[in-house]
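Inside the fold
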Amino acid sequence: MAAAGLLIGCSFNTITDRINPYRIDVRQGNYVDQEMIGRLKKGMTRDQVRFALGTPLVTDVFHAARWDYVYAFRPGRGEPQQRVLSVFFDGDKLDHVEGDVTPGDSSAPAAQPERSRVIEIEPAPAKN
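This structure is a prediction, so every number in the text was calculated from the model and none was measured.

1. Brief notes about the pairing of strand S4 (residues 81-90)
Of the pairings in the sheet, the one linking strand S3 (residues 63-74) to S4 comprises eight bridges and is antiparallel in character. Counterpart to Val 70 in the pairing with S4 is Val 84. The hairpin turn running from S3 into S4, its antiparallel successor, is six residues long, and Gly 78 in that turn takes a positive phi close to 110°.

2. Let's talk about the pattern of salt bridges
One pass over the full model with this rule turns up five salt bridges. Notably, a salt bridge pairs Arg 39 with Glu 35, separated by 3.4 Å at the nearest N-O pair. Note on Arg 39: relative accessible area 42%, which makes it partly exposed. In this structure Glu 35 comes out as partly exposed when scored by relative accessible area, which is 47%. Residue Arg 66 is joined to Asp 68 by a salt bridge in which the shortest nitrogen-to-oxygen separation is 3.0 Å. Among the residues examined, Asp 68 registers a relative accessible area of 12% and is labelled buried.

3. Things to note about the pairing of S3
Inspection of the sheet shows strand S1 (residues 26-29) paired to S3 by four bridges, in the antiparallel sense. Within S3, the residue paired with Gly 29 across the bridge is Tyr 71. With three bridges connecting them, strand S2 (residues 58-60) and S3 associate as antiparallel partners. Paired with Thr 59 across the strands is Trp 67, a residue of S3.

4. Considering the packing of aromatic side chains
Per the stated rule, a full pass over the model turns up two aromatic pairs. Their ring planes at 70° and their centres at 5.2 Å tell us that Tyr 31 and Tyr 71 sit as a pair that is edge-to-face. Linking Tyr 31 in the loop between S1 and helix H2 (34-38) with Tyr 71 in strand S3, this pair joins segments that are 40 residues apart in sequence. Owing to a relative accessible area of 47%, Tyr 31 belongs among the partly exposed residues under this scheme. With a centroid separation of 4.8 Å and an interplanar angle of 65°, the aromatic rings of Trp 67 and Phe 89 are classed as edge-to-face. Pair noted here: Trp 67 is in strand S3 and Phe 89 is in strand S4, with a separation of 22 residues, a long-range link.

Analysis parameters
- Residues numbered from 1 in each chain as written.
- Predicted model: local features only at pLDDT ≥ 70, side-chain atom pairs only at ≥ 80, totals over all residues.
- Heavy atoms only, no water.
- Pairing = 2+ DSSP bridges.
- Helix = DSSP H or I, 4+ residues; strand = E, 2+ residues; numbered from the N terminus.
- Salt bridge = Lys/Arg side-chain N within 4 Å of Asp/Glu carboxyl O.
- Buried < 20%, exposed > 50% of the residue type's maximum accessible area, 1.4 Å probe, protein only.
- Phe/Tyr/Trp six-rings, centres within 6.5 Å; stacked < 30°, edge-to-face > 60°.

These figures capture arrangement, not role.
Next comes the structure, spelled out in C-alpha cells:
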C-alpha cells in the first residue's frame, strides 16, 4: 500500500508538469501610450491633462502637485511589466512629466531603445 502511495505521489508531479492550464492576461491601472503623451503641452491646466490622459490612479494629498499614472500588465505566461508616469504641476499648470515611456514617435518599430525617465514636453503656443 505504501509503495502505491509513493508511486502515485511521484507520478503526480510529472502529470502536473505536463498540464498547462490557461492563464488570463491581467491589466490594471492607467494605460498611457506615446500618442497620449504627445498631446501634453507645458502650461496645460489640470482639467486638460485629465482629458488627455484620463483620471490618475494615484493622487496624494501630501504631494498635490503630482499625479501618478501606474499601469501593470501580468501576462498569463511570461514576466510581469509595470509602467509609471508622473505628471508634475506648478500651481494649476503642467510643468513637466517623468516616467517609463518611450520617447519619440508612436509609429516607431517594436524594437525600441531603453525607456526614458524624463519626457520633454513643448510649451503651449502663445495666444495673441
